[in-house]
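One letter stands for each residue in the lines below.
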Amino acid sequence: MQSKYIVILGSLMSGLGKGVVTSSILKILDFYDYNAMPVKFDGYLNYDCGTMNPYRHGEVFVLDDRSEVDMDFGIYERFLNKNLTGDLSITGGKLFEEVITKERKGGFLGEDVQIIPHLTNEAIRMVEKVAEEKKTDVLVIEVGGTVGDIENSYFIEAMRQFALRHEVIFINLTYSPQLDVVGEQKTKPAQLGFRSMLQSGIRPDFVICRSSRKLEEKTKEKLALFANISKERVIDDSDQETIYKLPLHFMKQGFDRMLLNAMGLKGRKANKSKMASWSKKVEKVIKPGSSTRIAIVGKYTDLRDSYASVKEALIHAGAALDSRIDVKWIESDTLEKGDTGKKLEDVDGILVPGGFGKRGIEGMVNAIRYARENKVPYLGICLGMQLMVVEYSRNIAGMKNADSSEFNGGSRYKVIDLLKSQRGVDKKGGTMRLGLWKCRLSEGTQAYVAYGRESIAERHRHRYEFNNAYRKALEDKGLVISGTTTDGKLVEFVEWKDSFGIATQSHPELRSRLEDPSPPFVSFVRAAKKLAKERL
Ligand code: GLN
């Protein structure tokens, strides 16, 4: 079957949850057993997200194949429960690079190379290639940014032209503000958005409207009128208890049938067992039997998007254990002054996530020490593992001022250091230890118990490593090295002996799914839940 296409365009402003809407549509198509995949257009000229600051842009998501992509890919994967690939991410940077490389090879001899048709044709070619290679039934294309931006204008123009060659359904995600609870739902901004889309030569087939409360009938009528569609095709996207409910919420409105009909995909019934297992998980998120309080001690806590996958992995683990996770966000700077205990005494588990640069490091080390000394369950991710090693070296193994060479190149005990292979690297893009790495866990360790097997694989994104020169000394002092790369050369997991504390150089949160939660997160939440119960 020829692939069908859905293009999702946002108007008015960012932050409406376009990634969640795209993922919900993908999930609905998956419920109908269609092979649906996303493509994401991002207008920025970075080649990928690898060089972006998570504090500004949100977390950098990493795929199995080493690609560093937009955080929306995390949402797609968490909904679809599939491992995606980097070719689904098409940035302005990649597009321009393709065109310029072709031009230098003489691919356009004699022509003036222009946005239209050269860049737009290239965007179209890239999308067609993905559909063909992945043999998709439906490709769902999310255009980053909003209609009217200069940044994504060539992508939008490419999609207008794309619809001349293929069957395309356009969906506009818009917003209806309401100034107070009793106030009217306003449609004027959405109307301006429609006008802007129509000016780009695109008429939406469906309008999905964000709002804090359920869309009123008269709001729908107005939106339909100005978007030139029937009222049924205006879909409510009001606040739900959890984002994972959105596919079901859309289906309740008959959006699945209407969308499939519009694409000429009639007759197939939704896969009941897939839907039932999703609904069951969603129920667990909405109505948990208990609650667990977890501190995330990080340095980008003001922008929660920086830790999106960690937060979601905790929700997945909580759902698996019938517990709601209440996250206490702690900016690590604030733990540097010695009152660590006060801030941490009410939490059942402490997590130090990934991060770069020196700021806030000592506060994280203090938090880890507190967890170890007070037997509060600890989970360390990437930087959180490196600092678990630093803390142990300083406070148990007597290595005064032990550190990572990332923070203190002058330290006598550089227990975390750059590998030789990283020393000569001066290019920043795509040069870290990235993507999926196989790991062997030692039987009897907490990590082994978490995964229930010896051979595992997790995604990576870091430059520094456990320094093997200190392996023996630290093991002699009781630090457990519970996992290494299959050749034994790189340390992947470390843990404590006397209480729950697992840390990994990898980023297991990146592979956590609602339907397949990450094992170390589940173990961690289980230990925290146990502590919470003991405290009652
Ligand atoms: N900054 C550390 C490194 O580069 C940790 C990276 C991370 O936590 N992702 O190795």
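Refer to the preceding data block for the structure.
Residues numbered from 1 in each chain as written. Predicted model: local features only at pLDDT ≥ 70, side-chain atom pairs only at ≥ 80, totals over all residues. Heavy atoms only, no water.

Enquirer: Explain the sheet that holds strand S17 (residues 455–462) residue by residue, including any values.
Expert: The strand order S11-S10-S12-S13-S21-S20-S19-S16-S17 describes an open sheet built from nine strands, whose pairing is mixed. The open sheet terminates on both sides in strands that have one partner only, identified here as strand S11 (323–331) and S17. Across the sheet, the axes of successive neighbouring strands diverge by a mean angle of 25°, strand direction being ignored. In this sheet, strand S21 (residues 501–504) lies alongside strand S20 (residues 491–495) in antiparallel orientation, the contact comprising three bridges. Bridge assignment links Phe-493 to a residue of S21, and that residue is Thr-504. In this fold helix H12 (residues 308–320) packs onto strand S10 (290–298), S11, strand S12 (349–352) and strand S13 (378–381), with an angle of close to 155° to the strand it touches most, S11. With respect to the sheet, helix H19 (residues 519–535) is in contact with S10, S11, S12 and S13, its orientation differing from that of S10 by roughly 115°. (Pairing = 2+ DSSP bridges. Helix = DSSP H or I, 4+ residues; strand = E, 2+ residues; numbered from the N terminus. Axes fitted to C-alpha atoms, helices over the stretch in contact; angles between N-to-C directions. Contact = heavy atoms within 4.5 Å.)

Enquirer: With reference to specific residues and values, describe unusual backbone geometry.
Expert: The linkage connecting Ile-116 with the following residue, Pro-117, adopts the cis geometry, with an omega of 10°. With respect to the helices and strands, Pro-117 occurs in helix H5 (residues 115–134). Notably, Leu-12 is not glycine yet its phi reads approximately 75°, a positive angle. Structurally, the position occupied by Leu-12 is in the loop between strand S1 (4–10) and helix H1 (18–31). The class of Leu-12 is partly exposed, set by a relative accessible area of 34%. For Lys-375, which is not glycine, the phi torsion reads 55° and is therefore positive. (Buried < 20%, exposed > 50% of the residue type's maximum accessible area, 1.4 Å probe, protein only.)

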